[in-house]
Amino acid sequence: MMGHIQQEFENDLSKDVRPFHFATGVTTLIYQLGGPLRQLRKRYPNAEIRVTVGVTEEMVAGLLDRRFDLALISLPVAEDDLNIIPLFEEELLVVRPSANKVGSGHIGSLRASDLNSAPFLLYPRRSNVRLVIDRFFQEIGVAPHVVMEADDTEAIKRLVESGFGHSILPEHALRGRSHFFQKFRIHGHTLKRSLALATARTDCPRRLTESIASFLGSALQQSQ
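The model shown is predicted, which means the values in this text are computed figures rather than measured ones. (Residues numbered from 1 in each chain as written. Predicted model: local features only at pLDDT ≥ 70, side-chain atom pairs only at ≥ 80, totals over all residues. Heavy atoms only, no water.)

The next thing to look at is the nonpolar core. In terms of nonpolar packing, the biggest core is built from 28 residues, with Leu115, Ile133, Phe137 and Ile168 touching the most fellow members. Going through the elements one at a time, strand S4 (82-102), strand S6 (119-122), helix H5 (128-140), helix H6 (153-161), strand S8 (167-170) and strand S9 (179-186) are the ones with two or more residues in this core. Considering every element that reaches this core, the biggest residue donor is H5, with six residues. Apart from residues no more than four positions distant in its own chain, Leu115 is found in contact with Val94, Leu110, Phe120, Phe137, Ile140, Val142, His166 and Ile186. Residues Leu33, Leu37, Tyr44 and Leu208 belong to the second largest nonpolar core, which totals 19 residues. (Core = buried A, V, L, I, M, F, W, Y, C linked by side-chain atoms within 4.5 Å. Buried < 20%, exposed > 50% of the residue type's maximum accessible area, 1.4 Å probe, protein only. Helix = DSSP H or I, 4+ residues; strand = E, 2+ residues; numbered from the N terminus. Contact = heavy atoms within 4.5 Å.)

Take a look at the structure:
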């Protein structure tokens, strides 16, 4: 225990050999963290960086329990015991099946009333992104007919392409090759989620955490 306490107060970056625990959502990891994490490994070649994938609620609990040093989360969250570093906003788009392949660049427009009878495949209710989506539905006066829920963005995309229903997904996840779905914004409305880095609030912050948070935040913002 004395050795653990000594490590806690040893804040020299060159002597910090404890594992660094970083948590992130799977969608952000797949579509936005590839380049920044490669840069991070080059910048801190001797750091033992461990990555955990989870939803925002699990990541916040891990930060407060000191299981994670740093997390990339979706806002909003209760911030009383967290330090929040806002990064950027990401647009969420409506997607619906298409009989033919559609290029990734075109984004159409729908009226809110066009969604009233559409079946939807959405993230689970425990997801922070689902909270943002549900609030948006309330704002535009739509009661979605949810036929399926899934954590995985790629799984939802494939199910939409297979004709199971509409969905609302992050714009970054919809880039790249052509797909068997169409992308839309709701006329007169914009739906976005906010991403941020978070650490547990403490009187003795770990210098390595502060350094990695600063580096990773800059790399993520530059990659947008």
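Inspection of the entire model under this criterion finds two cavities of 30 Å³ or more. When its volume is computed, the largest cavity comes out at roughly 60 Å³. Elements with a contribution of two residues or more to the lining of the largest cavity: S4 and S9. With four residues, S4 is the single largest residue contributor to the lining of the largest cavity. The residue inventory of the lining of the largest cavity, partitioned by class, reads eight nonpolar, two polar and two charged. Val102, Gly103, Ser104, His106, Leu174, His179, Phe181, Gln182 and Lys183 are the residues that line the second largest cavity. (1 Å grid on protein atoms, 1.4 Å probe; cavity = no way out; pocket = protein on both sides within 12 Å on 5 of 7 lines; lining within 4 Å. Points joined across faces, edges and corners; volume = space filled by probe spheres on them. Nonpolar A, V, L, I, M, F, W, Y, C, P; charged D, E, K, R; others polar.)

One pass over the full model with this rule turns up two aromatic pairs. Ring centres of Tyr44 and Phe215 lie 6.0 Å apart, and the angle between their planes is 90 degrees; this geometry places the pair in the edge-to-face category. Placement of the pair is Tyr44 in the loop between helix H3 (34-43) and strand S2 (49-53) and Phe215 in helix H7 (residues 207-222), with a sequence separation of 171 residues. Among the residues examined, Phe215 registers a relative accessible area of 23% and is labelled partly exposed. With a centroid separation of 5.3 Å and 75 degrees between ring planes, the pair formed by Phe120 and Phe137 is classed as edge-to-face. With a gap of 17 residues between them, Phe120 in strand S6 and Phe137 in helix H5 connect regions that are remote in the sequence. Positioned above the aromatic ring of Tyr44 is the side chain of Arg43, whose terminal nitrogen or guanidinium carbon lies 4.9 Å from the ring centre. Taking the ring centre of Phe68 as reference, the NZ or CZ of Arg67 above it sits at 5.3 Å. (Phe/Tyr/Trp six-rings, centres within 6.5 Å; stacked < 30°, edge-to-face > 60°. Lys NZ or Arg CZ within 6 Å of the ring centre and 35° of its normal.)

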